[in-house]
Amino acid sequence: LPGEDGFDRNRLPLSHWFSTRGLVFSRNGWGTRDALFAFNTNPLGAGNTHADQGSFCLAANGACFIADSGIGLDGATDHNVVFVDGQGQAQRESAVDAYIRTVESNNYADVIDADLKLSYDREMQGEAAGPWWWREYNPVEKADRRALFVRGMCGAIIIVADDLRKDAKKRE
């Protein structure tokens, strides 16, 4: 483990994008009180997916401020995702997908740009052995989530912004 057996963890990068898994880890240091920000998507084929596309976690100063809901809680109500017309993302395990378009990182900050549209548009149907097909769920024109993690001198700054559009219809 980093920090054990004389390994200098400060040589490790402060951020990493696991592109095939759809996961980004950002931190402002390796100390016990430093911040760790995790951003999650699950591209189709990445395995066990839940209604948590674009969800994030934050730990800092030795505490978890925004935590994942944990095993067995895989619905949209259990995660920090946006509801559109009263519906979250499809809640069928391994049947939703989204992806991170880009991650820009430097010594000062990380910027994450994710497309969550498919996690609202459709869900996969069928038995484990197949056949599988897509069923329309809650189509949206656009569902983007962007996150900014700034490695500040006085502590990390996190901004998460959603840009969603259901359709052109007026709602009350």
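The notes below deal with the structure included here. (Residues numbered from 1 in each chain as written. Predicted model: local features only at pLDDT ≥ 70, side-chain atom pairs only at ≥ 80, totals over all residues. Heavy atoms only, no water.)

Focus on unusual backbone geometry
Right, on to step 1. Each neighbour pair has its own omega, and for Gly130 with Pro131 the value is 0 degrees, a cis peptide bond.
Right, on to step 2. The topology assignment puts Pro131 in the loop between strand S8 (122–125) and strand S9 (133–136).
Right, on to step 3. For Asn61, which is not glycine, the phi torsion reads 55 degrees and is therefore positive.
Right, on to step 4. Non-glycine residue Asp85 carries a positive phi angle of around 55 degrees.
Right, on to step 5. Residue position: Asp85 is located in the loop between strand S5 (63–66) and strand S6 (99–105).
Right, on to step 6. The exposure class of Asp85 is partly exposed, given its relative accessible area of 46%. (Helix = DSSP H or I, 4+ residues; strand = E, 2+ residues; numbered from the N terminus. Buried < 20%, exposed > 50% of the residue type's maximum accessible area, 1.4 Å probe, protein only.)

Details of the nonpolar core
Right, on to step 1. Ranked by size, the top nonpolar core spans 22 residues in total, and within it Val24, Phe37, Phe39, Ile100, Ile112, Leu116 and Tyr120 carry the most contacts.
Right, on to step 2. Listed by contribution, the elements that provide at least two residues to this core are strand S3 (36–40), strand S4 (55–60), S6, strand S7 (109–115) and strand S10 (142–150).
Right, on to step 3. Not counting the four nearest positions on each side in its chain, Leu116 is found in contact with Thr41, Gln53, Gly54, Gln89, Ala98, Ala143 and Arg145. (Core = buried A, V, L, I, M, F, W, Y, C linked by side-chain atoms within 4.5 Å. Contact = heavy atoms within 4.5 Å.)

Some details on the packing of aromatic side chains
Right, on to step 1. Summed over the entire model, instances satisfying the criterion amount to 3 aromatic pairs.
Right, on to step 2. Here Phe37 and Phe56 contribute two aromatic rings whose centre-to-centre distance is 5.9 Å and whose plane-to-plane angle is 35 degrees, an arrangement assigned as tilted. Of this pair, Phe37 sits in strand S3 while Phe56 sits in strand S4, placing them 19 residues apart in sequence.
Right, on to step 3. A relative accessible area of 1% means that Phe37 is categorised as buried.
Right, on to step 4. Owing to a relative accessible area of 13%, Phe56 belongs among the buried residues under this scheme.
Right, on to step 5. Aromatic pair Phe37 and Phe149: ring centres 6.1 Å apart, planes at 20 degrees, arrangement stacked. Taken as a pair, Phe37 in strand S3 and Phe149 in strand S10 lie far apart in primary sequence, 112 residues in all. For the residue pair Phe37 and Phe149, the accessibility class agrees, reading buried in each case.
Right, on to step 6. Looking at Arg27, its charged tip hangs above the ring of Trp30, at a distance of 3.9 Å from the centre. (Phe/Tyr/Trp six-rings, centres within 6.5 Å; stacked < 30°, edge-to-face > 60°. Lys NZ or Arg CZ within 6 Å of the ring centre and 35° of its normal.)

Without other data, these values stay purely geometric and don't point to any function.
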